[in-house]
Amino acid sequence: MQLTEQQHAIKDNVTKICQGFSDDYWANCERQEEFPEAFYQAMAEGGWLGITMPETYGGTNLGVTEAAIMMNTVARNGGAQAAASSIHINLFGPHPIVVFGTPEQKERWLTPLIAGKEKTCFGVTEPNAGLDTTSIETFAERTDGGYTVNGRKIWTSTAQEAHKIMLLTRTRKKDDCDKATEGLTLFYTDLDRNKVEVKRIPKMGRAAVESNAVFIDNLFIPEEDRVGEEGKGFTYLLHSLNPERILVGIEAVGIGQDALQRAATYARERVVFGRPIGQNQGIQHPLAEKWAYLESAYWMCLRAGALYDAGESCGAEANAAKFLGGRAGFEACTQAMLTHGGMGYAKEYHVERLMRESMIARLAPVSEQLVLSFIGERVLDLPKSY
Ligand SMILES: Cc1cc2nc3c(=O)[nH]c(=O)nc-3n(C[C@H](O)[C@H](O)[C@H](O)COP(=O)(O)OP(=O)(O)OC[C@H]3O[C@@H](n4cnc5c(N)ncnc54)[C@H](O)[C@@H]3O)c2cc1C
């Protein structure tokens with residue numbers, strides 16, 4: 001398996017944009033806790049924010065495979081998760097709109113998103129539900145011409161910046177439904193700050209791109225901001241989740257590849273006991289091993305993307321891609337820190353920043369345990385455990 005000419009071109013062109021943003025730029029965004037607006041705008045101007053979106057609205061209509069190649073490139077050029085998460089919501093978040101939105105909604109929502117004029121965020125996780133998504137409590141009550149929504153979300157990334165929110169709600173209580181996945185309704189609407197309070201969560205890394213606790217208090221959502229039919233939101237959301245797993249997996253691979261490159265450079269240059277430290281197999285072999293893990297995770301991500309793009313079932317592969325990417329990325333970053341010795345702990349070499357950001361893919365958007373539970377149940381036919 002190898003990349004096509006078009007896929008190589010995507011990689012080359014995105015690399016060129018990324019090279020305009022130095023390590024210092026990313027370190028500064030992190031230090032100032034500042035959204036990487038210049039990078040985001042450069043990607044918008046290059047037409048990359050609509051890579052998976054229909055051409056009618058300014059997109060390129062390419063697959064998740066191409067988006068994965070793009071996001072791997074974005075993550076492996078110094079910007080890590082900060083770069084990736086400033087734009088990746090565009091690639092998977094609005095997918096339910098592409099599939100289930102009306103032509104009017106697509107025009108109204110996708111066009112400004114692709115042009116970089118509007119930003120969005122993804123409000124799914126809740127404090128009292130966690131990974132048990134069907135137990136969310138945010139409730140949308142029918143009112144004249146729409147819905148009144150009350151509830152809480154947590155970890156909503158980019159909600160400080162966003163104009164819009166993709167919001168998962170309940171329109172029927174779980175206890176009143178035959179199946180837990182029923183009674184959930186998806187909206188794409190204005191993030192009206194008079195009705196929604198957004199509070200930044202201090203966190204371990206990726207300070208440039210915030211994640212937030214979100215408090216929704218009597219937010220009115222007009223009927224025309226509902227995606228698809230009432231009560232079917234969970235099914236629609238699945239069109240975001242597998243692409244999201246593939247992209248997060250391959251972004252983690254990119255962060256690991258970046259860290260590995262930096263480690264190899266350091267190991268060639270740093271001389272101790274009269275020779276480059278990279279001449280010691282104790283330094284060399286773990287790095288070579290991480291390269292092998294990163295490569296296998298990379299191709300698993302592209303395999304999952306190819307299945308998704310072919311309209312085939314890809315749940316196990318997308319989960320495996322996220323799992324392998326998260327592990328391989330994190331382990332490569334950790335090894336890169338160890339290779340740098342004490343300097344691994346210094347901000348100057350950037351590997352500690354990469355390591356902190358690589359941790360995210362092990363925790364989100366789904367945990368390692370839940371990935372393994374899914375594979376255990378669906379692939380190995382073992383009893384359901386969650
Ligand atoms: C940096 C960051 C950004 C995020 N951005 C967003 C965002 O933009 N939008 C959004 O909606 N969410 C976002 N999230 C949330 C993320 O998707 C959740 O944190 C993740 O899904 C895990 O949910 P939780 O934290 O509630 O864990 P919990 O559900 O509380 O689980 C805690 C631990 O228990 C384990 N566990 C629970 N039940 C079982 C079981 N049955 N078997 C085995 N293990 C189990 C889990 O695997 C996990 O390790 C983000 C999270 C982070 C860290």
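Up top is the structure.
Here is what the cut-offs are and how they apply
Residues numbered from 1 in each chain as written. Predicted model: local features only at pLDDT ≥ 70, side-chain atom pairs only at ≥ 80, totals over all residues. Heavy atoms only, no water. Core = buried A, V, L, I, M, F, W, Y, C linked by side-chain atoms within 4.5 Å. Buried < 20%, exposed > 50% of the residue type's maximum accessible area, 1.4 Å probe, protein only. Helix = DSSP H or I, 4+ residues; strand = E, 2+ residues; numbered from the N terminus. Contact = heavy atoms within 4.5 Å. Phe/Tyr/Trp six-rings, centres within 6.5 Å; stacked < 30°, edge-to-face > 60°. Pairing = 2+ DSSP bridges. Expected span 1.5 Å × (residues − 1). Bend = angle between axes of the 7 residues up to and from the residue. Axes fitted to C-alpha atoms, helices over the stretch in contact; angles between N-to-C directions. Parallel < 35°, antiparallel > 145°, perpendicular 65-115°, else oblique. Left-handed = near helix turned anticlockwise from the far one by under 90°. Nonpolar A, V, L, I, M, F, W, Y, C, P; charged D, E, K, R; others polar.

Draft legend 1. Up close: the nonpolar core. The biggest cluster of nonpolar side chains holds 90 residues, and the ones touching the most others in it are F39, M43, M70, V74 and I87. Ranked by the residues each element gives to this core, the list is headed by helix 8 (residues 233–269), at 14 residues. Look past the residues within four positions of V74 in its chain and what remains in contact with it is V14, C18, F39, M43, G79, A80, A83, A84 and I87.

Draft legend 2. Quick look at the packing of aromatic side chains. Tallying each qualifying case throughout the model produces 11 aromatic pairs. Aromatic side chains Y266 and Y349 sit 5.4 Å apart centroid to centroid with 85° between the ring planes, which places their arrangement in the edge-to-face category. Within this pair, whereas Y266 is found in helix 8, its partner Y349 is found in the loop between helix 10 (315–339) and helix 11 (351–358), the two being separated by 83 residues in sequence. Look at Y349 and you get partly exposed, because its relative accessible area is 27%.

Draft legend 3. Molecular detail of the pairing of strand 7 (residues 211–222). As paired strands, strand 3 (residues 146–157) and strand 7 are joined by 10 bridges and run antiparallel to one another. Residue Y147 lies in a different strand from strand 7, and its bridge partner there is I221.

Draft legend 4. Structural context of helix 8. Taking 1.5 Å as the rise per residue, helix 8 with 37 residues should run 54 Å; its terminal C-alpha atoms sit 54 Å apart, in good agreement. Roughly 25° is the biggest bend found in helix 8, and it falls at H239, with proline P243 one to four residues downstream. For helix 8, the buried fraction is high: 29 of the 37 residues fall into the buried class.

Draft legend 5. Examining the pairing of strand 5 (residues 184–190) more closely. Of all seven residues making up strand 5, six are buried, and the element is well covered by its neighbours. Bridge count for strand 4 (residues 164–170) against strand 5 is seven bridges, and the pairing is antiparallel. The residue bridging R170 from the neighbouring strand is L184, located in strand 5. By the bridge criterion, two bridges tie strand 5 to strand 8 (residues 226–227) in an arrangement that is antiparallel. Bridge pairing links F187 to R226 in strand 8.

Draft legend 6. Structural view of the packing of helix 4 (residues 64–87) against helix 11. Their axes nearest at 9 Å, the elements helix 4 and helix 11 cross at an angle of 40°. One finds that helix 4 runs oblique with respect to helix 11. Helix 11 is crossed by helix 4, and the crossing has left-handed handedness. In contact with G78, G79, A80, Q81 and A82 of helix 4, helix 11 contributes R353, L354 and E357. When its residues are assigned to classes, the contact of helix 4 with helix 11 shows three nonpolar, three polar and two charged.

Draft legend 7. View of helix 11. Of all eight residues in helix 11, eight are buried, a share of seventy percent or more. Every buried residue of helix 11 is listed here: V351, E352, R353, L354, M355, R356, E357 and S358. In this structure, the buried residues of helix 11 make contact with helix 2 (23–32), helix 4, helix 8, helix 10 and helix 12 (360–363).

Read these as layout, nothing more, since geometry by itself doesn't imply function.
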